[in-house]
Each structure stands twice: as C-alpha cells, then as structure tokens.
Amino acid sequence: MASGIQGLNFVEKVTERDIDFLVLEELQVSPEFRDWFAARVYERPVFKSHIGAWHSVVDAELGESDLVFIFDAEDGSTKAVLIENKIAAEAQPDQGKRYRGRGDKGIADGYWQEYMTCLIAPRRYLESPTQTESYDTKIPYEEIMAYFVARRSLDGRHSYRATLVLEGVEQHRRGYQPKANDTMTEFVAAYWSHAQATHRSLGMPEPKPRAA
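Remember, predicted model here, so these are calculated numbers, not experimental data.

Colleague: Which residues make up the sheet that holds strand E3 (residues 78–85), and what are the values?
Modeller: Pairing is mixed across the open sheet formed by five strands, whose spatial order is E1-E2-E3-E4-E5. Edge positions in the sheet fall to strand E1 (47–59) and strand E5 (137–140), since each has one partner strand and no second. Averaged over all neighbouring strand pairs, the angle between strand axes comes to 25°, with direction disregarded. Contacts from helix H3 (residues 31–42) reach E1, strand E2 (63–73), E3, strand E4 (114–121) and E5, with the element oriented near 130° to E5. Running at roughly 150° to E4, helix H4 (residues 95–108) makes contact with E1, E2, E3 and E4 of the sheet.

Colleague: How would you explain the pairing of E3 if you had to name every residue and give the values?
Modeller: Where burial is concerned, most of E3 is hidden: eight out of the eight residues are buried. Covered by surrounding structure in E3 are Thr78, Ala80, Leu82 and Glu84 together with Lys79, Val81, Ile83 and Asn85, the residues of both alternating faces. The pairing of E2 with E3 spans six bridges and is antiparallel. Paired with Val68 across the two strands is Leu82, which belongs to E3. Two strands pair when backbone bridges link them, and E3 and E4 are joined in this way by seven bridges, in the parallel orientation. Looking at E4, one finds that Leu82 is bridged to Thr117. Regarding topology, H4 serves as the crossover connection from E3 to the parallel E4, and that connection is right-handed.

Colleague: Residue-level account of the environment of Pro31, with values.
Modeller: Relative to the helices and strands, Pro31 resides in helix H3. Between the C-alpha atom of Pro31 and that of Ser49, which follows or precedes it by 18 residues, the distance is 8.6 Å.

Colleague: Go over the pairing of E2 with me, naming the residues and quoting the values.
Modeller: Counting buried residues along E2, eight of its eleven residues qualify, which places the element largely inside the surrounding structure. Bridge count between E1 and E2: ten bridges; the pairing is antiparallel. Opposite Ser49, over in E2, you have Asp72 as the bridge partner. The turn joining E1 and E2, which pair antiparallel and follow one another in sequence, is formed by three residues.

Colleague: Could you give an account of the packing of helix H2 (residues 16–29) against H3, naming the residues involved and the relevant values?
Modeller: Their axes nearest at 6 Å, the elements H2 and H3 cross at an angle of 110°. Considering their axes alone, H2 and H3 lie roughly perpendicular with respect to each other. For the pair H2 and H3, contact is made by Val23, Glu26, Leu27, Gln28 and Val29 and by Pro31, Phe33, Arg34 and Phe37, respectively. Split into classes, the residues belonging to the contact of H2 with H3 amount to six nonpolar, one polar and two charged.

Definitions and cut-offs
- Residues numbered from 1 in each chain as written.
- Predicted model: local features only at pLDDT ≥ 70, side-chain atom pairs only at ≥ 80, totals over all residues.
- Heavy atoms only, no water.
- Pairing = 2+ DSSP bridges.
- Helix = DSSP H or I, 4+ residues; strand = E, 2+ residues; numbered from the N terminus.
- Axes fitted to C-alpha atoms, helices over the stretch in contact; angles between N-to-C directions.
- Contact = heavy atoms within 4.5 Å.
- Buried < 20%, exposed > 50% of the residue type's maximum accessible area, 1.4 Å probe, protein only.
- Right-handed = clockwise from strand over helix to strand, strands pointing away.
- Parallel < 35°, antiparallel > 145°, perpendicular 65-115°, else oblique.
- Nonpolar A, V, L, I, M, F, W, Y, C, P; charged D, E, K, R; others polar.

Have a look at this one:
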C-alpha cells in the first residue's frame, strides 16, 4: 500500500488557482520574493515597501485580473503589477488589452502612478505561436521554480513550492485532459433537448460529455 502511494504525484493536478495562491502568498509574506518579482517585472531594482496583493480583482466593465500587486517604489511612486496566470487555457479575446485598460483606470482612480501587465505561464505556453496576447512582460513558471530551488536549503517549504510549480509545467506539457462529469453532462443534454423543442433556430450543436 505504501509503495503504491509513493509512486503517485503528491497532487492529482495543479490548477491555475493553485499557482495564483502560491504567488499571492509569496507576495503577501516574503519581502525577498516581492523584491525579486518587482525587479524581474520592471527589469531593475524598484521595490521599496509593500502595500498589498489581491486575488481575482474584478472590474465590471474591463473584467478580471488574476492578481494585483501594489507597492511603493524607490523613486517615490506607487507602482502596480497586474498579473495574468495561465497553465493551458486559451487566452480570451483582447485579454492583454483589457489588462492595460484596468491599469489605466487604476491610474485615473489614484490607486497607482505606474503599472505593468505581466503574464506568468509555462515556457512552452509563452513560446506557443497561438499565444498572441500582448503583455508588458512575461515570466515563465520555470523562472519562478528556479527562484524556489535556489532557496530550498534555507527552508523545506521552498522545495514544496518548486515541486508544485514544476507540476504546473508538466501539466501543460501533458495537455488539458478534462474528466467528464455526469451532473454537468446531464444538464447540458437537458438544455440541448429544451433548445431543440423550443428554439431550434438557435442551431445548438448536440452536446458531448462535459467536465465539471
């Protein structure tokens, strides 16, 4: 029994939300990570003091930022990084443009004086010809993983974090593999039957098994 368990991955799968919360935790509690991340985004040392980091920041008109990191900079300004996180999901239309819209609105509303948009994802995702959305900077998961690997001798938690990010990289390599969910599949089938009976002109295609 024990040997069988030891052969399994320590998590069934890693979701974008898992990586969101890993990065969010580091931005909230680790001065070293905040300094490293800000310097990586702005390509120079800029971080002075922490203001905050937030997950799933939604604007009613311009949509959602996965993470928003705000800090006071060495030059006296308040800066922000608006972060989009991807493992394998396709980009939404104009997603990068809407990130800049939220950044501009943050300046107009007085939340920050300068901002950068940032996409974090596995390197293969960033290099894919289908990834055409524009961001100010892009950080591969592999660089974030390397940050934790370099510090694993200091704290065992860094090894855990590096392994979690690596699993995100491997999950992208394997590709998205949805698992059919009976409840969702039955719901969509019933929806299709109703559409066929009452709104056939919509031309809804016959549904396939759906994931949760």
